[in-house]
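Below are the chains, spelled out letter by letter.
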Amino acid sequence: MATPLIDDDELDDLEREFVARVRGRVLEIGVGDGENFGAFDPDVEWQGLEPDATRRAELATRAKEWRHAAVPLDAKAESIPLPDHSVDGATCGFALRNLVELPKFFDELGRVVRPGGRIALLDVGVPRNKLIRSGNNLYFGKVVPKIGGLLSDGAAYRYLPRSVAYLPSPQRMLSDLRDAGFTEVQHLQLSGGLTQLLLGTRS
Ligand SMILES: C[S@@+](CC[C@H](N)C(=O)[O-])C[C@H]1O[C@@H](n2cnc3c(N)ncnc32)[C@H](O)[C@@H]1O
């Protein structure tokens, strides 16, 4: 079996690292069951959004345990049930690949984030280096689905390799973020390109 170039624990560590930097009223998109709670600054006013009912139920329980007052929103990223300019920032970890219409999501972020507010969107990437890229394809294409399938519903993991390929180019995403009202937009490749981070400030 191929050695993973980056494993799930490392991906989790990266996500928690950037989550720890956000402040104020923060919207977390595609939260899952709330793995990041321990990483947020204690003063953050957290608001989560998670469309999957089973995950959201678990998330609601964990949110209470972490003393977050907000009930997780039953909604999709492409249509966020919050007023205009109502959050100081937004984060999204490894959920971009689930979104069918990224520009619609970016527009929604532009609407709900207040001027001067920041966004940080992390996801797996497609490394530029051929050798790393082929290892990555093998890992996400063959190894992750197999391990995932052993642990739970294999189909839930099999969306990973397909959807990485569906993510638009960095240039496209940066351009769409600008169109949605963000400035200082940046695309960073982390871990040799195995993950990618999009940053922006609402103008
Ligand atoms: C790979 S999981 C990541 C969960 C969590 N952020 C983490 O890193 O552990 C992707 C999450 O996105 C959610 N999701 C799927 N479609 C979505 C959509 N249209 N809008 C928001 N979240 C979505 C899934 O239910 C799932 O919880």
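Reading guide: rules and limits
Residues numbered from 1 in each chain as written. Predicted model: local features only at pLDDT ≥ 70, side-chain atom pairs only at ≥ 80, totals over all residues. Helix = DSSP H or I, 4+ residues; strand = E, 2+ residues; numbered from the N terminus. Buried ≥ 20, exposed ≤ 12 C-beta atoms within 10 Å, placed from the backbone. Contact = placed C-beta atoms within 7 Å. Axes fitted to C-alpha atoms, helices over the stretch in contact; angles between N-to-C directions. Left-handed = near helix turned anticlockwise from the far one by under 90°. Nonpolar A, V, L, I, M, F, W, Y, C, P; charged D, E, K, R; others polar. Near = placed C-beta within 6 Å. Pairing = 2+ DSSP bridges. pLDDT = per-residue confidence, 0-100.

Caption draft 1: Region of the structure containing the overall build of the chain. Looking only at helices and strands, the chain features 6 helices and 6 strands. Put simply, the chain has 203 residues, and 33% of those count as buried.

Caption draft 2: Main features of helix α3 (residues 102-112). Taken as a whole, α3 has its buried residues at Leu102, Phe105, Phe106, Glu108, Leu109 and Gly110. Next to the buried residues of α3 lie β3 (87-93), β4 (113-124), α6 (170-179), β5 (182-190) and β6 (195-202).

Caption draft 3: Highlighting the packing of α3 against α6. Here α3 crosses α6 at 40 degrees, and the two axes come no closer than 8 Å. Crossing geometry of α3 relative to α6 is assigned as right-handed. Mapping the contact onto sequence places Leu102, Pro103 and Phe106 in α3 and Met173, Asp176 and Leu177 in α6. Its residues placed into classes, the contact of α3 with α6 shows 5 nonpolar, no polar and 1 charged.

Caption draft 4: Molecular detail of the site of the ligand. Contacts to the ligand come from 19 residues, most closely from Gly30, Gly32, Ala77, Ala95 and Asn98. Its residues placed into classes, the shell around the ligand shows 8 nonpolar, 4 polar and 7 charged.

Caption draft 5: The pairing of β6, seen in detail. The sheet contact formed by β4 and β6 spans 7 bridges and is antiparallel. Note that in β6 the partner of aspartate 123 across the bridge is glutamine 196. The pairing of β5 with β6 spans 7 bridges and is antiparallel. Among the inter-strand pairings, leucine 188 is bridged to a residue of β6, identified as leucine 197. Between β5 and β6, which pair antiparallel and follow one another directly, the connecting turn spans 4 residues, one of which, serine 191, has a positive phi of 50 degrees.

Caption draft 6: Unusual backbone geometry, seen in detail. Phi angles above zero are rare outside glycine, and arginine 67 is one such case at about 60 degrees. Counting through the fold element by element, arginine 67 comes out in the loop between α2 (53-65) and β3. Note on arginine 67: 9 C-beta atoms within 10 Å, which makes it exposed. Even without a glycine there, the phi angle at histidine 85 is positive, about 50 degrees. Within the secondary structure layout, histidine 85 lies in the loop between α2 and β3.

Caption draft 7: The arrangement of the confidence of the model for the chain in detail. Per-residue pLDDT for the chain has a mean of 83; in total, 77% of the residues score no lower than 70. Across residues 143-163 the pLDDT falls below 50, and counting only partners more than four positions away or on other chains, this stretch makes 20 contacts in the model.

Caption draft 8: Fine view of the sheet that holds β4. Read from one edge of the open sheet, 6 strands run β2-β1-β3-β4-β6-β5, paired in mixed fashion. Each having just a single partner strand, β2 (45-49) and β5 make up the two edges of the open sheet. Adjacent strand axes in the sheet meet at a mean angle of 15 degrees, parallel and antiparallel pairs treated alike. Of the strand pairs in this sheet, strand β1 (residues 25-29) and β2 are connected by 5 bridges, and their pairing is parallel. Its bridge partner lying in β2, valine 26 is registered against tryptophan 46.

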